[in-house]
Amino acid sequence: MTRARHFVLAAGGTGGHMVPAAALATELGRRGHHVALVSDERGVRFPGLFDGVETHILPAGRLGGGPVGWLRAGKAMYAGRAQAIALFKARRPAAVIGFGGYPALPALLGAFACGIPTAVHEQNAVLGRVNRLVAGRVHAIATSYPVIERLAAKHAGKTHLVGNPVREAVLALRARPYPLLEEDGIFRVLVTGGSQGASILSEVVPGGLSLLPERFRRRLQVTHQARIEDIDGVRASYAELTIAADIATYLPDLPEQLGRAHLVIARAGASTLAELTCAGRPALLVPLPTATDDHQTANAREMTLAGGARTIAQHNFTPVELAKQMQKLGLDPAALENAAGRARACGRPDAARDLADLVESLDAPASPLLIGKPQPMTLAGAGAGS
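Residues numbered from 1 in each chain as written. Predicted model: local features only at pLDDT ≥ 70, side-chain atom pairs only at ≥ 80, totals over all residues. Heavy atoms only, no water.

Enquirer: I'm lost on the confidence of the model for the chain in this one. Help?
Expert: Regions with low pLDDT carry predicted coordinates that are not meant to be interpreted in detail. For the chain, the mean per-residue pLDDT works out to 89, and 90% of the residues sit at or above 70. Throughout residues 365-386 the model reports pLDDT below 50, and contacts reaching past four residues in sequence, or to other chains, amount to 46 contacts. (pLDDT = per-residue confidence, 0-100. Contact = heavy atoms within 4.5 Å.)

In structure tokens:
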């Protein structure tokens, strides 16, 4: 029987940080542990991810804006660190786990001050800024890819490849076979740009699909996630081209859409890649060129080299190029199914389990600062789980 412990997860307020944190929270809860979340206002309000989880908002600045911005960020971080220390004295966590993003930093700084075991999880193939800042002080670094850029060689001894945890609805797709693709049957295409959509996909995809041979084009059934400012134009484009398409700004049934898709056209965010490889769905990837440290190009590398995806740099992503790549895959069902298998081989479906094992292994006797019975408390800016 696992001894029940208390763990604090600290994550920035974007989906790329919050989804794996939520997956770990679910796994730790399943093992009988108590979990609390530290984030910013965006993170604690993420729909459906942390229902019933104790949540806390801590001040956290973002480095930028020159000397004035740095000073403001430093003050916010110091205040957040002080609140984290007070929280940890009351809660006595067994470990604090950071998932990147500036909102994770105050909790990690507080953990360092209290002598609490710490770990960070890196979702991308390039170590993020906050994780780079704390890499030398944490006890363990969990990674999602076997090769991580900007990770110092001296940290190899405490680095563990676990993968990027995904939602259970996506994990369930692992057991579903690649959808049967008949020569004259429906060809389902899923277009997604991540939680915020991607205008470049809306600009290029309808025109690219229109260049496909008529026989192929008539088979298409497209589900396209578009930005709210793009949606009317995208809908009009598909209608004018007489391509069957469902367009929405948000896809609440994204796992089901992914399970039915024969091909995905997407950005190369960490969560997207984890879901594609877990489900085993081939993709055309268009990395966001402005992503910090070009991490989306790095993310796409493993799946592309394995043959599960084709990567198109955004400056080369034109209707003509898209149509060419679509035909290479879509007109050869055997090649497409082979690509699906290669994508699946890159998946790490046990990521949540392996990360939870690592987190449990961090447990150590409480530091002197934390000795005493844990007491319930409410901090300024702290709230109950949504």
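Enquirer: Is there a simple way to think about the packing of aromatic side chains in this case?
Expert: Both the distance between ring centres and the angle between the ring planes are used here to describe each pair of aromatic rings. Considering all chains together, one arrives at 1 aromatic pair under this definition. Seen in terms of ring centroids, Phe-187 and Phe-216 are 5.1 Å apart; in terms of plane orientation they differ by 85°. Their pairing is edge-to-face. Taken together, the positions of Phe-187 in strand S8 (residues 187-192) and Phe-216 in helix H8 (residues 214-217) put the pair 29 residues apart, joining distant regions of the chain. By relative accessible area, which is 0% here, Phe-187 ends up buried. (Phe/Tyr/Trp six-rings, centres within 6.5 Å; stacked < 30°, edge-to-face > 60°. Helix = DSSP H or I, 4+ residues; strand = E, 2+ residues; numbered from the N terminus. Buried < 20%, exposed > 50% of the residue type's maximum accessible area, 1.4 Å probe, protein only.)

Enquirer: When you look at the nonpolar core in this model, what are you seeing that I'm missing?
Expert: Within soluble globular proteins, side chains that are nonpolar tend to cluster in buried spots. Of all hydrophobic cores here, the largest spans 50 residues; its most connected members are Phe-88, Val-96, Val-264, Leu-285 and Met-303. For this core, the element with the most residues is helix H4 (residues 105-114), which contributes 6 residues. The contacts of Met-303, once residues within four sequence positions are left out, are Leu-273, Leu-276, Thr-277, Arg-281, Ala-283, Leu-285, Gly-308, Ala-309, Ala-343 and Cys-346. Within the second largest apolar cluster, 34 residues are counted, among which are Phe-187, Ile-231, Ile-247 and Phe-317. (Core = buried A, V, L, I, M, F, W, Y, C linked by side-chain atoms within 4.5 Å.)

Enquirer: Sorry, what's going on with unusual backbone geometry here?
Expert: For Thr-242, which is not glycine, the phi torsion reads 50° and is therefore positive. Residue position: Thr-242 is located in the loop between helix H9 (231-240) and strand S10 (244-248). Phi at Asp-293 takes a positive value of approximately 60°, unusual for a residue other than glycine. Looking at where Asp-293 falls in the secondary structure, it is placed in the loop between strand S12 (283-285) and helix H12 (295-306). Among the residues examined, Asp-293 registers a relative accessible area of 31% and is labelled partly exposed.

Enquirer: Please clarify how the sheet that holds S12 should be interpreted in this entry.
Expert: In a beta sheet, neighbouring strands are held together by backbone hydrogen bonds and run either parallel or antiparallel to one another. With parallel pairing, 6 strands are arranged side by side in an open sheet as S10-S9-S8-S11-S12-S13. At either end of the open sheet lies a strand with only one pairing partner, and these are S10 and strand S13 (309-311). On average, adjacent strands in this sheet sit at an angle of 15° to one another, irrespective of strand direction. Bridge analysis of S12 against S13 gives 3 bridges, and the strand direction is parallel. By the bridge assignment for S13, Ala-283 is matched with Ala-309. Packing against the sheet, H9 makes contact with strand S9 (220-225) and S10, and its axis sits at approximately 175° to S10. (Pairing = 2+ DSSP bridges. Axes fitted to C-alpha atoms, helices over the stretch in contact; angles between N-to-C directions.)

Enquirer: Got a minute to help me understand the environment of Thr-143 in this structure?
Expert: Relative to the helices and strands, Thr-143 is located in strand S6 (residues 140-143). A sequence separation of 212 residues divides Thr-143 from Leu-355, and the C-alpha atoms of the two residues are 9.4 Å apart. Other than its neighbours up to four places away in sequence, Thr-143 contacts Glu-122, Ile-148, Thr-159, His-160, Leu-161, Val-162 and Gly-163.

Enquirer: Is there a simple way to explain the packing of helix H7 (residues 199-210) against helix H13 (residues 319-330) in this structure?
Expert: Any two packed helices are characterised by the angle at which their axes cross and by the distance between the axes. At a minimum axis distance of 8 Å, the contact between H7 and H13 shows a crossing angle of 55°. Overall, the two elements H7 and H13 adopt an arrangement that is oblique. As for how H7 packs across H13, the hand of that crossing is right-handed. Side by side, H7 and H13 meet where Val-204, Val-205, Gly-207, Gly-208 and Leu-209 of the first sit next to Pro-319, Leu-322, Ala-323 and Met-326 of the second. Across the contact of H7 with H13, the residue classes tally to 7 nonpolar, 2 polar and no charged. (Parallel < 35°, antiparallel > 145°, perpendicular 65-115°, else oblique. Left-handed = near helix turned anticlockwise from the far one by under 90°. Nonpolar A, V, L, I, M, F, W, Y, C, P; charged D, E, K, R; others polar.)

Enquirer: How should the packing of helix H11 (residues 270-279) against H12 be read in this particular structure?
Expert: Between H11 and H12, the least distance of the axes is 9 Å, while the angle of their chain directions is 15°. Judged by the inter-axis angle, H11 sits roughly parallel to H12. As for the relative orientation of H11 and H12, their crossing is left-handed in sense. Between H11 and H12, the contacting residues are Ala-270, Leu-273, Leu-276 and Thr-277 on the first element and Asn-299, Ala-300 and Met-303 on the second.

Enquirer: I tried to follow the pattern of salt bridges on my own but got confused; where do I start?
Expert: A side chain with one charge may pair with a side chain of the opposite charge, provided their charged atoms come close. Per the stated rule, a full pass over the model turns up 22 salt bridges. Note that Glu-275 and Arg-167 form a salt bridge whose closest N and O atoms lie 3.0 Å from each other. On the criterion of sequence distance, the pair formed by Glu-275 in helix H11 and Arg-167 in the loop between strand S7 (159-161) and helix H6 (168-171) is long-range, its members being 108 residues apart. Accessibility expressed as a relative area gives 10% for Glu-275, which makes it buried. Among the salt bridges present, the one from Arg-176 reaches Glu-256, with a minimum N-O distance of 3.2 Å. In this pair, Arg-176 is assigned in the loop between H6 and S8 and Glu-256 in helix H10 (residues 254-260), connecting sequence segments 80 residues apart. Note on Arg-176: relative accessible area 33%, which makes it partly exposed. Through salt bridges with shared partners, a single network forms among Arg-3, Arg-5, Glu-27, Arg-30, Arg-31, Glu-168, Asp-357, Glu-360 and Asp-363. (Salt bridge = Lys/Arg side-chain N within 4 Å of Asp/Glu carboxyl O.)

Enquirer: Would you take a moment to explain the side chain of Arg-5 for this structure?
Expert: Secondary-structure assignment places Arg-5 in the segment before strand S1 (6-10). In terms of polar contacts, Arg-5 uses its side chain to reach the side chain of Asp-363, at 3.2 Å. With residues near it in sequence (within four places) discarded, Arg-5 still touches His-33, His-34, Ala-94, Glu-360 and Asp-363. (Polar contact = N/O pair within 3.5 Å; in protein donor to acceptor, adjacent residues only side chain to side chain.)

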